[in-house]
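Results of the structural survey
Given next are the chains, with one letter for each unit.
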Amino acid sequence: CPTMDQGSGIMPLCAVVVSPSDMDSAMDYEFRRDPFGGYRARFSMGHEAIGQWLIDEVGKDEEKLDELFAIIDQLSSRARTEYRLLGGDYSLLLTHEEAEVKANVLNIEQDEDLDDLAYYDDEQLAMCGLEDFAQVLGSWRAFIRNEDMG
């Protein structure tokens, strides 16, 4: 991505837009660098929590990405049945078939019926296939590496 234009003082937005080649998949996402140096991850409806999890829980931590790729390999080869990662705001559950990102606030036990609370929010819970999740992580890694080389 281009660097800040010294004449205008404006830093252009950088973006990586990805639409999986599988037309049955409805998960599209876009990564951007904002003018203040922060990262943004925008996901299609129903998958927004994955983007927020990337920003809040992974960020630029390549060691965490390496660990996640190793775990995905273990799950894919059935050497492991599941993996849970409790984060500050979001938690991750991986199985050999899918990934689930859930806001920790959803883990709070409620005495009332959750159906009556309209507690579910697209930005708090998202699920996708494990292969799609691995593709997201790979795209995120490529994006942050490209941005750091800027």
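Section: the overall build of the protein
- A tally of helices and strands in the protein yields four helices and seven strands.
- With 150 residues in all, the protein has 38% of them scored as buried.
- Sequence-distant contacts in the protein: of pairs separated by 6 or more residues, those separated by 24 or more amount to 50%.
- Roughly 9000 Å² of accessible area belongs to the protein as shown, and the carbon and sulfur atoms make up 48% of that amount.

Overview of the sheet that holds strand β4 (residues 82–86)
- Across the sheet, which stays open at both edges, the four strands sit in the order β4-β5-β6-β7 with antiparallel pairing between neighbours. Of all strands in the sheet, those bounded by a partner on one side alone are β4 and β7 (125–129). With direction set aside, neighbouring strand axes in the sheet form an average angle of 10°.
- As paired elements, β4 and strand β5 (residues 90–95) share five bridges and run antiparallel to each other.

Focus: the confidence of the model for the protein
- For the protein, mean pLDDT is 80; residues scoring 70 or higher make up 71% of the total.
- Of the regions scoring below 50 in pLDDT, residues 1–24 engages in 42 contacts with residues more than four places distant in sequence or in other chains.

Concerning unusual backbone geometry
- Positive phi, normally seen in glycine, also occurs at R78, with a value near 65°.
- Relative to the helices and strands, R78 is located in the loop between α2 (62–76) and β4.
- R78 sits in the exposed class, given a relative accessible area of 57%.

A closer look at the packing of aromatic side chains
- According to the stated counting rule, one finds nine aromatic pairs in the structure shown.
- An angle of 80° between the planes, with centres 4.9 Å apart, marks the rings of F31 and W140 as edge-to-face. Of this pair, F31 sits in strand β2 (residues 29–33) while W140 sits in helix α4 (residues 130–149), and the two are 109 residues apart along the sequence. Grouping residues by exposure puts F31 and W140 together as buried.
- Pairing Y39 with W140 gives two aromatic rings, centres 5.8 Å apart and planes at 75°, and the pair type is edge-to-face. Residue Y39 is located in strand β3 (residues 39–43), and its partner W140 is located in helix α4; the two are separated by 101 residues in the primary sequence.
- The exposure class of Y39 is buried, given its relative accessible area of 9%.
- Aromatic ring contacts, followed pair by pair, group Y29, F31, Y39, F43, W140 and F143 into a single cluster.

Concerning the pattern of salt bridges
- Tallied over the full model, the rule gives six salt bridges.
- For the salt bridge of R40 with D34, the shortest nitrogen-to-oxygen distance reads 2.8 Å.
- Between E62 and R141 there is a salt bridge; the shortest N-O distance is 3.8 Å. Highlighted residues: E62 in helix α2 and R141 in helix α4, separated in sequence by 79 residues.
- Within the structure, one salt-bridge network assembled from shared partners comprises E62, D66, R141 and R145.

Calculation criteria
- As a convention, each chain's residues are numbered from 1 in the sequence order in which they are written.
- For a predicted model such as this one, the threshold for reporting local features is a pLDDT of at least 70, and the threshold for listing and counting side-chain atom pairs is 80 or more; totals across whole chains, interfaces and linings nevertheless cover every residue.
- Side-chain calculation: all heavy atoms of the structure are included, whereas hydrogens and water are not.
- Helix and strand assignments follow DSSP, with helices taken as H or I runs no shorter than four residues and strands as E runs no shorter than two, numbered in order from the N terminus.
- Categorising residues by exposure relies on relative accessible area from a 1.4 Å probe, with only protein chains included: less than 20% of the type maximum marks a residue as buried, more than 50% marks it as exposed, and the intermediate range marks it as partly exposed.
- We call two residues in contact when some of their heavy atoms are within 4.5 Å.
- Only the protein chains shown count as cover for residues, and the accessible areas themselves come from Shrake-Rupley with a 1.4 Å probe.
- For two strands to pair, DSSP has to find at least two bridges joining them.
- In this analysis an axis means a line fitted to C-alpha atoms, helices contributing only their contacting stretch, and an angle means the value between N-to-C directions, from 0 to 180 degrees.
- pLDDT expresses, on a scale from 0 to 100, how confident the predictor is about each individual residue.
- Each pair of aromatic rings taken from Phe, Tyr and Trp, with Trp reduced to its six-membered ring, is defined by centres within 6.5 Å and is described as stacked if the planes are under 30 degrees apart, edge-to-face if over 60, and tilted in the remaining cases.
- Should a side-chain nitrogen of Lys or Arg be within 4 Å of a carboxyl oxygen of Asp or Glu, the pair is scored as a salt bridge.

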